[in-house]
Amino acid sequence: MDLQARVREHFAESIRTKQAAESELAEPVTRAGQLMSQSLLNEGKILSCGNGGSAGDAQHFSSELLNRFEMERPGLPAMALTTDSSTLTSIANDYSYTDIFSKQVRALGRPADILLAISTSGNSENVCRAIDAAHERGMCVVALSGRDGGRMAELIGAQDVEIRVPAERTARIQEVHLLIIHCLCDVIDTTLLGSG
């Protein structure tokens, strides 16, 4: 088994996936960044959620806004719904794991806010319930998914933005999700602060 060849193929496949995604996703990613920027200008905040690697992505996005991305600027209001272990475990214990994000969205979400919902398959039930809760609160949703979009694709409304990575492998989808998160941060910073 040539392990070095396997590693090279991972790089090559990642590059091909990103190239395919670029032509399909530049427009919705830009639109999502503009939607988030408008929310922040209207004194809204961005709530984010996901499971596993997508939880890490939710936290990564939140930290880039709360602290800084590449430009010096004041922190921007963002919150990952994946980080409070007491809240997560109490909801999972008292109600259901499928409610861990939706209960937080109902408590914290306001109409000016955005939900960034992340699921590589698009079928994570707790993320789908968070989308429903966001719509109940009058919020817009930016959905990051892959494959065929899963059930999340069915929940997206006209005011929302779906960003579906054209790939099947979880690792490749997650790699593109990270790039999208950085693009969103750049669009937000550029919109709010200019390109300096």
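Refer to the structure above for everything that follows.
In this report, we go over the structure that sits alongside the text. (Residues numbered from 1 in each chain as written. Predicted model: local features only at pLDDT ≥ 70, side-chain atom pairs only at ≥ 80, totals over all residues. Heavy atoms only, no water.)

**Notes on the overall build of the chain**
Okay, so step 1: Counting secondary structure elements, the chain contains 7 helices and 5 strands.
Okay, so step 2: The N-to-C order of helical and strand elements in the chain reads α-β-α-β-α-α-β-α-β-α-β-α.
Okay, so step 3: Taken over C-alpha atoms, the radius of gyration comes to 17 Å for the chain, in line with the 16 Å a tight globule of 196 residues would show.
Okay, so step 4: Of all 196 residues assigned to the chain, the portion counted as buried reaches 46%.
Okay, so step 5: Across the chain, contacts joining residues at least 24 apart in sequence account for 70% of those joining residues at least 6 apart.
Okay, so step 6: Of the roughly 9,500 Å² of accessible surface on the chain, a fraction of 51% belongs to carbon and sulfur atoms.
Okay, so step 7: Here the chain contributes 18 positively and 26 negatively charged side chains, and the mean placements of these two sets differ by 3 Å. (Helix = DSSP H or I, 4+ residues; strand = E, 2+ residues; numbered from the N terminus. Rg over C-alpha atoms; globule rule 2.2 N^0.38 Å. Buried < 20%, exposed > 50% of the residue type's maximum accessible area, 1.4 Å probe, protein only. Contact = heavy atoms within 4.5 Å. Areas by Shrake-Rupley, 256 points an atom, 1.4 Å probe, with all protein chains shown as cover. Lys, Arg positive; Asp, Glu negative; His and termini not counted. Charge placed at Lys NZ, Arg CZ, Asp CG, Glu CD.)

**Describing the sheet that holds strand S5 (residues 161-165)**
Okay, so step 1: Here we have 5 strands laid out as an open sheet, ordered S2-S1-S3-S4-S5, and parallel in their pairing. The two strands at the open ends of the sheet, each matched to only one other strand, are strand S2 (78-80) and S5. Pairwise comparison of adjacent strand axes, ignoring direction, gives a mean angle of 15° for this sheet.
Okay, so step 2: Relative to strand S3 (residues 114-118), strand S1 (residues 46-49) runs parallel, the two sharing 4 bridges. Within S3, the residue paired with Ser48 across the bridge is Leu116.
Okay, so step 3: Helix H1 (residues 3-41) rests against S1, S3, strand S4 (140-146) and S5 of the sheet, and its axis sits at about 155° to S5. (Pairing = 2+ DSSP bridges. Axes fitted to C-alpha atoms, helices over the stretch in contact; angles between N-to-C directions.)

**Quick look at the pairing of S5**
Okay, so step 1: Of the two faces of S5, only the one carrying Val161, Ile163 and Val165 is buried; Glu162 and Arg164 on the other face are not.
Okay, so step 2: Bridging between S4 and S5 involves 5 bridges; their strand directions are parallel. Counted as the bridge partner of Ala143 is Glu162 from S5.
Okay, so step 3: For the handedness criterion, the β-α-β arrangement of S4, helix H6 (residues 150-155) and S5 is classed as right-handed. (Right-handed = clockwise from strand over helix to strand, strands pointing away.)

**Overview of the pattern of salt bridges**
Okay, so step 1: This model, assessed by the stated rule, comprises 13 salt bridges.
Okay, so step 2: A salt bridge links Glu125 to Arg129; the shortest N-O distance between them is 3.1 Å. One end of the pair, Glu125, and the other, Arg129, are both in helix H5 (residues 125-136), 4 residues apart, so they sit about a helical turn from each other.
Okay, so step 3: A salt bridge links Glu125 to Arg151, with the nearest nitrogen and oxygen atoms 3.2 Å apart. One end of the pair, Glu125, is in helix H5; the other, Arg151, is in helix H6, and 26 residues separate them in sequence. (Salt bridge = Lys/Arg side-chain N within 4 Å of Asp/Glu carboxyl O.)

**Looking at a nonpolar patch on the surface**
Okay, so step 1: Taken together, the side chains of Val7, Phe11 and Ile15 define a hydrophobic patch exposed on the protein surface, amounting to about 310 Å² of accessible area.
Okay, so step 2: Mapped onto the elements of the fold, Phe11 is located in helix H1.
Okay, so step 3: Relative accessible area serves as the criterion here: at 59%, Phe11 is assigned to the exposed category. (Patch = residues over 30% accessible without salt bridge, like charges linked within 9 Å, V, L, I, M, F, W, Y side chains within 5 Å.)

**Quick notes on the nonpolar core**
Okay, so step 1: Core analysis: the biggest nonpolar cluster contains 30 residues, and Met36, Ile46, Phe61, Ile163 and Ile180 have the highest contact counts within it.
Okay, so step 2: Of all elements in the fold, only H1, helix H2 (53-66), S3, S4, S5 and helix H7 (170-193) reach the threshold of two or more residues within this core.
Okay, so step 3: With 7 residues, the top contributor of residues to this core is H7.
Okay, so step 4: Excluding its chain neighbours within four sequence positions, the residues that come into contact with Ile180 are Leu25, Val29, Leu144, Ile163 and Val165.
Okay, so step 5: Membership of the second largest hydrophobic core comes to 21 residues, among which are Leu47, Ile91, Ala117 and Ala143. (Core = buried A, V, L, I, M, F, W, Y, C linked by side-chain atoms within 4.5 Å.)

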